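# Descriptive structure summary
Chain residues, written in single-letter form:
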Amino acid sequence: MAKKLWDGRFTEATDAFVEAFTASIEFDQVLAPYDIQGSIAHASMLEKVGIISSNELGLINAGLEEIDREIAAGTFPWSISLEDVHMNIESALTDRIGNVGKTLHTGRSRNDQVATDIRLYLRAQIDAILEKIVRLQSGILDLAEAHTQTIMPGLTHLQVAQPIVFGHHLMAWFEMIDRDYQRLVDCRRRVNVMPLGSAALAGTSFPIDRQHTARLLGFDQISANSLDAVSDRDFAIEFSAAASILMMHLSRWSEELVLWASPRFGYIDLPDRFCTGSSIMPQKKNPDVPELVRGKSGRVFGALMTLLTIMKSQPLAYNKDNQEDKEPLFDTVNTLLNCLTAFADMIPAIVPIKAEMENAALQGYATATDLADYLVVKGTPFRDAHDVVGRLVNLGIRKGQDLAALSLAEMQAESDIIEADVFAVLTLQGSVDARNHPGGTAPAQVEIAIREARLSLSTRIMD
Ligand code: ARG
């Protein structure tokens, strides 16, 4: 069994169950590359301020790089009796390079070490997530561009409300995920602060140069208070909150895709490669990918609640409770990366069934508001116009006809200011074209919105 790095004051071995219960190595090995990156920077700083020699630094770096390669290759022997990723790596370093390995932990504690590791990990993951969001966004734009003229019913209360173009609907998704992108960019600023140098809780008596370490690790700032830096995980909670909002959005879209792929709607076909079949019903083609994304929102929301609860009763400074931050955080990151990959692949591959969309817009009196607006333009107060159109809709329902199929005489019986020009207003095209202002569904406006979105996306990729 490996020698524990802290057992000097102990008189008996750790209980076997307690050893397994308190260990985190099974899950915190994910942090290994960041732990090594942090250690190399810390050692370079120790050398710069004269605590270790350049010869010693060379040995430490070579040892850590060898360990890094072994971990990446999957051949590193993780030991549960060494508890966590930090002590596994430090102990392996001393095994390999001898006593010099024991100098690495000078001026450092696992408390500032783990806080630094998580921040390095999360920064890298946020960058990977942002990249996937941009890929998804550009897929949305491609599809939207092809469908600025494709008419579908816009719904409120899941009932036909007014005609819109499919590109406009897609751009609503674009906007939602764009705010998710901004939230993560903002969160990254608070993640990218270096706790290292806080040591256990109070700082260290060694003449460390924290700015130097921060520069080496690409941190924007160093933390201002050692107690705060080793203990708070608000940056992870903030990430988890942004992740939850993103998953809430993906879940909403998933719900729409599932509905639209159902023959009751029939608005879209999802290519076979994004669907699966049934083991018993040969005819089935199920939209499993959006269903699963919708379902996975649950674990991400749960992780947010877990992290908040882990943090809420902790007195300053570090407590072992914080070891529980890792699994929910890692699970959230993995879930986001997977769901975004699924969406980025699937969204541009959606096949809209234009005829079904348009047909659905022709049912449900989608242009009723246009008729009311027409009456207002001709001098009828809106409330009266609403009433007139309500009666005409009622007539349509009784006759089983859309508004545009009523005769001019039938309409004039409700309001004598209606003239033959009304029929242009009652078309789906007339309805969408009329909403011609920034943010509206007129194809001309949707084209502008797509162009502007493309522009902002292109500057983003260049950043
Ligand atoms: N595995 C621990 C964690 O994840 C590392 C820090 C342990 N510090 C301590 N004083 N026990 O939080």
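Heads up: these notes are all about the structure in this document. Positions within a chain are numbered from 1, following the residues in the order the chain's sequence is written. Two thresholds apply to this predicted model, a pLDDT of at least 70 for residue-level local features and 80 or more for giving and counting side-chain atom pairs, whereas whole-chain, interface and lining totals are computed over all residues. No hydrogens and no water enter the side-chain calculation; it runs on all heavy atoms of the structure.

### Concerning the overall build of the chain
Basically, it comes down to this: Every helix listed is a DSSP run of H or I at least four residues long, and every strand listed is a run of E at least two residues long, numbered separately from the N terminus. When we talk radius of gyration, it's over C-alpha atoms, and the globule rule is simply 2.2 Å times the number of residues to the 0.38. Relative accessibility thresholds used throughout: buried, under 20% of the residue-type maximum; exposed, over 50%; partly exposed, between the two (1.4 Å probe, protein chains only). By definition in these notes, contact holds between two residues if any of their heavy atoms fall within 4.5 Å. Reported accessibility uses the Shrake-Rupley method at a 1.4 Å probe radius. Residues are deemed covered only where the shown protein chains occlude them.
Counting secondary structure elements, the chain contains 19 helices and 6 strands. Computed over its C-alpha atoms, the radius of gyration of the chain comes to 30 Å, more than 25% above the 23 Å expected for a compact globule of 463 residues. Principal axes of the C-alpha set define a box for the chain whose edges measure 100 × 50 × 40 Å. Counting the 463 residues in the chain, one finds 49% classified as buried. Sequence separation of 24 or more characterises 75% of the internal contacts of the chain that already satisfy a separation of 6 or more. As presented, the chain carries roughly 21800 Å² of accessible surface, and 55% of it is formed by carbon and sulfur atoms.

### Some points on the site of the ligand
Defined as follows: We call a residue near a molecule or strand as soon as one heavy atom of that residue lies within 4 Å of the molecule or strand. Identification of polar contacts relies on pairs of N or O atoms within 3.5 Å, with a donor-acceptor requirement for protein atoms, meaning one able to donate a hydrogen and the other able to accept it, and with residues adjacent in sequence counted only if both atoms are side-chain atoms.
In the vicinity of the ligand, the contacting residues are Ser24, Asp84, His86, Arg110, Asn111, Val114, Tyr318, Gln323 and Lys326. Between the ligand and arginine 110, the relevant distance is 3.4 Å, taken from a nitrogen atom to a side-chain nitrogen or oxygen of the residue. Residue glutamine 323 places a side-chain N or O atom 2.8 Å away from a nitrogen atom belonging to the ligand. Burial of the ligand by the protein amounts to 86% of the accessible area it has alone, namely 340 Å².

### Observations concerning the packing of aromatic side chains
The criterion, for reference: Any two of the Phe, Tyr and Trp rings considered here, Trp counted by its six-membered ring, make a pair once their centres fall within 6.5 Å; the pair's planes then place it as stacked at under 30 degrees, edge-to-face at over 60, or tilted in between.
Across all of its chains, the model carries 11 aromatic pairs by this definition. Between tyrosine 121 and phenylalanine 330 the ring centres are 4.9 Å apart and the planes differ by 65°, which places this aromatic pair in the edge-to-face class. Of the two residues, tyrosine 121 sits in helix α6 (residues 110-146) while phenylalanine 330 sits in helix α12 (residues 326-346), which places them 209 residues apart along the sequence. A residue is classified by how much of its surface remains accessible, and tyrosine 121, at 3% relative accessible area, is buried. On the numbers, 5.4 Å between centres and 50° between planes, the contact of tryptophan 253 with phenylalanine 343 is tilted. Separated by 90 residues along the polypeptide, tryptophan 253 in helix α10 (residues 234-261) and phenylalanine 343 in helix α12 bring together distant segments of the chain.

### Some points on the packing of helix α3 (residues 32-48) against helix α8 (residues 210-217)
So the rule is basically this: Lines are fitted to the C-alpha atoms to define the axes, a helix being fitted only along its stretch in contact, and any angle between axes, read from their N-to-C directions, falls within 0 to 180 degrees. An angle below 35 degrees is read as roughly parallel, one above 145 as roughly antiparallel, one from 65 to 115 as roughly perpendicular, and any other as oblique. Handedness of a helix crossing follows the sense of rotation of the near helix relative to the far helix, less than a right angle counterclockwise being left-handed and clockwise being right-handed. Gly is placed with the polar residues, together with every amino acid not listed as nonpolar (Ala, Val, Leu, Ile, Met, Phe, Trp, Tyr, Cys and Pro) or charged (Asp, Glu, Lys and Arg).
At a minimum axis distance of 9 Å, the contact between α3 and α8 shows a crossing angle of 140°. By the angle class used here, α3 and α8 are oblique. In the packing of α3 onto α8, the handedness of the crossing is right-handed. Taken together, the residues of α8 that come into contact with α3 (itself represented by Gln37, Gly38, Ala41, His42, Ser44, Met45 and Lys48) are His212, Thr213, Leu216 and Leu217. Along the lines of polarity and charge, the residues of the contact of α3 with α8 split into 4 nonpolar, 6 polar and 1 charged.

### Description of the nonpolar core
The cut-off we apply is this: In this text, buried Ala, Val, Leu, Ile, Met, Phe, Trp, Tyr and Cys residues form a nonpolar core when linked through side-chain atoms within 4.5 Å.
Within the largest apolar cluster, 99 residues are counted, with the highest numbers of intra-cluster contacts made by Leu136, Phe239, Leu250, Trp253 and Ile347. With 15 residues, the top contributor of residues to this core is α6. The residues touching phenylalanine 239, leaving out its near neighbours within four places in the chain, are Leu122, Ile126, Ile129, Leu184, Cys187, Leu329, Thr332, Val333 and Leu336. With 18 residues, the next largest nonpolar core counts Ala368, Leu375, Val393 and Leu406 among its residues.

### Quick look at the pairing of strand β2 (residues 159-165)
For a regular strand, side-chain orientation follows a simple rule: the groups alternate between the two sheet faces. The criterion, for reference: A pair of strands counts as paired when DSSP detects no fewer than two bridges linking them.
Sheet analysis places strand β1 (residues 151-156) next to β2, joined by 6 bridges and oriented antiparallel. Along β2, the bridge assignment pairs isoleucine 151 with valine 165. In textbook terms, the turn of a hairpin is the stretch between consecutive antiparallel strands, and for β1 and β2 this stretch comprises 2 residues, one of which, histidine 157, has a positive phi near 55°.

### Focus on the pattern of salt bridges
Rules: By salt bridge we mean one thing: a side-chain nitrogen of Lys or Arg within 4 Å of a carboxyl oxygen of Asp or Glu.
Counting across every chain of the model gives 29 salt bridges. Notably, a salt bridge pairs arginine 391 with glutamate 414, separated by 2.6 Å at the nearest N-O pair. Taken together, the residues span a long stretch of sequence, with arginine 391 in helix α15 (residues 382-399) and glutamate 414 in the loop between α16 (408-412) and α17 (422-425) at a distance of 23 residues. Relative accessible area serves as the criterion here: at 36%, arginine 391 is assigned to the partly exposed category. Since its relative accessible area comes to 29%, glutamate 414 is described here as partly exposed.

Nothing here speaks to function; it is geometry throughout.
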